[in-house]
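# Geometric and topological summary
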Amino acid sequence: MSALLATGLAGFGLTAAGFTVAVAQVAGVFRSAATSWASPPTAVPELALGPIPSITSWREISLPVDSFRESSAARNTVLTAEYQLTKSCMARYGLTFDSPVWTTPATNSDYYRLFGLLDLVHARKYGYHTGERLLSDGEAAPQPGVTENPSESAPNYLAVVMGDPPGRVVNGRTVPPGGCIGAARSKLGDSSKILNLKEEAIGYGLSQSNADPRVIKAFASWSACMQKAGFSYANPTEANNDWNGNIVTAVEKRAATADVSCKVTTNLTGLRVAVASAWQKKFIRTHATQFAAMRPEIDDQVARAKSVLPKD
């Protein structure tokens, strides 16, 4: 896969390595939520909480909106159909589409850094960096076993696969809106409304929880813990955003390791999840009709996908 296509896919919220379409869009928003911090928010009312979970790893995070999540098997059925439709569409324009098959892992990683870094192994090895292998100039290193597709060098390749620029005529055919990927999504049913609603619910819960007096107090406890380790930050996002560039330094690794350890020691993430969940439940109740419509829409999309794929 060429750097050109990888760049184009990134603009659509897709990853060149796996093309995780809608899943990657949501995950990207969650990661950005963990790395953005406005000026200190105005305090919100303290909603009643259930039991506060003890959370020591991002894998232990669950939120109320998870009950509206389709299974990984159902999602992969849709992604596989979307892949096949895109591949067939590209062939009609005389182009070969050989991206890796699109899948989403069985383990949900959407919350990997929603509440900040919470992976001690990652912290010790990569600090706050993503863990991607980098070249000295900052470009991603080539993935082993991935060969270049000659079609990707064709001048109209990105226009056909993603519809950018729109309305181009290639080999006597007008490229559909959104390119072949857009055409595939249209045939299967656009899940963007479902994804946007889930995203909004999670973003709302996170922003409200950050203004909860109990969380603000917990940030102070975390900050005091970090101070003992030799680092001065008011909250985890300050720590996360303090490290830039392509080089992971020993100091950054120490800061990230202390960050994770302090989150565990103070159970900061457990409290944040509990408070965010309370606000998220309130959001779901307020949008009950829209959430109730999710399941039929997901079921319809899966049924359409199954009709596209070969029968077993």
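Structure: see above.
In this report, the structure presented in the accompanying data block is examined. (Residues numbered from 1 in each chain as written. Predicted model: local features only at pLDDT ≥ 70, side-chain atom pairs only at ≥ 80, totals over all residues. Heavy atoms only, no water.)

What the chain contains, in helices and strands, is 13 helices and 2 strands. Counting all 312 residues of the chain, 45% fall into the buried class. Long-range contacts, defined here as pairs at least 24 residues apart, represent 76% of the contacts in the chain between residues at least 6 apart. When the accessible surface of the chain is totalled, it reaches about 15,500 Å², and 56% of it is carbon and sulfur. (Helix = DSSP H or I, 4+ residues; strand = E, 2+ residues; numbered from the N terminus. Buried < 20%, exposed > 50% of the residue type's maximum accessible area, 1.4 Å probe, protein only. Contact = heavy atoms within 4.5 Å. Areas by Shrake-Rupley, 256 points an atom, 1.4 Å probe, with all protein chains shown as cover.)

Any two aromatic rings considered together are summarised by their centre-to-centre distance and by the angle between their planes. According to the stated counting rule, one finds 6 aromatic pairs in the structure shown. Between tyrosine 204 and phenylalanine 283, the ring centres sit 5.6 Å apart and the planes meet at 40°, which makes this aromatic pair tilted. A residue pair is termed long-range when its members are at least 10 positions apart, and tyrosine 204 in helix 7 (residues 192-210) and phenylalanine 283 in helix 11 (residues 268-286) qualify at 79 residues. When its relative accessible area of 27% is taken as the criterion, tyrosine 204 is described as partly exposed. What links up through ring pairs into an aromatic cluster is the set Phe68, Tyr204, Trp279, Phe283 and Phe291. (Phe/Tyr/Trp six-rings, centres within 6.5 Å; stacked < 30°, edge-to-face > 60°.)

Moving on to the pattern of salt bridges. Scanning the entire structure with this criterion turns up 9 salt bridges. One salt bridge in this structure joins arginine 69 and aspartate 110, with 2.9 Å as the shortest N-O distance. Here aspartate 110 lies in the loop between helix 3 (72-92) and helix 4 (120-126) and arginine 69 lies in the loop between helix 2 (21-34) and helix 3, a separation of 41 residues in the sequence. In this structure, aspartate 212 and arginine 214 form a salt bridge, with 2.8 Å as the shortest nitrogen-oxygen distance. When salt bridges with common partners are traced through the structure, they connect Glu46, Asp212 and Arg214 into a single cluster. (Salt bridge = Lys/Arg side-chain N within 4 Å of Asp/Glu carboxyl O.)

Turning our attention to the state of the cysteines. Inspection of the entire model under this criterion finds 2 disulfides. The residue that forms a disulfide with cysteine 89 is cysteine 180, at a sulfur-sulfur distance of 2.1 Å. On the S-S bond that ties cysteine 89 to cysteine 180, the torsion sits near -70°, and the link is left-handed. Within this pair, whereas cysteine 89 is found in helix 3, its partner cysteine 180 is found in helix 6 (residues 179-188), the two being separated by 91 residues in sequence. The exposure class assigned to cysteine 89 is buried, which follows from its relative accessible area of 4%. Two residues share a disulfide in this structure: cysteine 225 and cysteine 262, whose sulfurs sit 2.1 Å from each other. Because the sign of the S-S torsion sets the handedness, a value of about -80° for the bond joining cysteine 225 and cysteine 262 places this disulfide among the left-handed ones. Taken together, the positions of cysteine 225 in helix 8 (residues 213-228) and cysteine 262 in helix 10 (residues 250-266) put the pair 37 residues apart, joining distant regions of the chain. Residue class for cysteine 262 comes out buried when judged on its relative accessible area of 2%. (Disulfide = S-S within 2.5 Å.)

Time to look at the environment of alanine 278. Among the secondary structure elements, alanine 278 is positioned in helix 11. Residues alanine 278 and glycine 205, 73 residues apart in the sequence, show an inter-C-alpha distance of 7.5 Å.

Looking at the element boundaries, asparagine 240 is found in helix 9 (residues 236-240). Here the side chain of asparagine 240 touches arginine 113 through a polar contact of 2.7 Å, side chain to side chain. (Polar contact = N/O pair within 3.5 Å; in protein donor to acceptor, adjacent residues only side chain to side chain.)

Ranked by internal contacts, the top residues of the largest apolar core, which has 55 residues, are Ile61, Leu63 and Phe291. At the level of elements, helix 3, helix 6, helix 7, helix 8, helix 10, helix 11 and helix 13 (294-308) are the ones that each hand at least two residues to this core. For this core, the element with the highest residue contribution is helix 11, accounting for 8 residues. Excluding residues within four positions of it along the chain, leucine 63 makes contact with Tyr111, Leu114, Ile202, Val273, Ser277 and Gln280. (Core = buried A, V, L, I, M, F, W, Y, C linked by side-chain atoms within 4.5 Å.)

Turning our attention to the packing of helix 6 against helix 13. Packing of helix 6 against helix 13 leaves a shortest axis separation of 8 Å and a crossing angle of 115°. Classified by the interaxial angle, the pair formed by helix 6 and helix 13 is roughly perpendicular. Side by side, helix 6 and helix 13 meet where Ser186, Lys187 and Leu188 of the first sit next to Gln301, Arg304, Ala305 and Val308 of the second. Per-class residue counts for the contact of helix 6 with helix 13 are 3 nonpolar, 2 polar and 2 charged. (Axes fitted to C-alpha atoms, helices over the stretch in contact; angles between N-to-C directions. Parallel < 35°, antiparallel > 145°, perpendicular 65-115°, else oblique. Nonpolar A, V, L, I, M, F, W, Y, C, P; charged D, E, K, R; others polar.)

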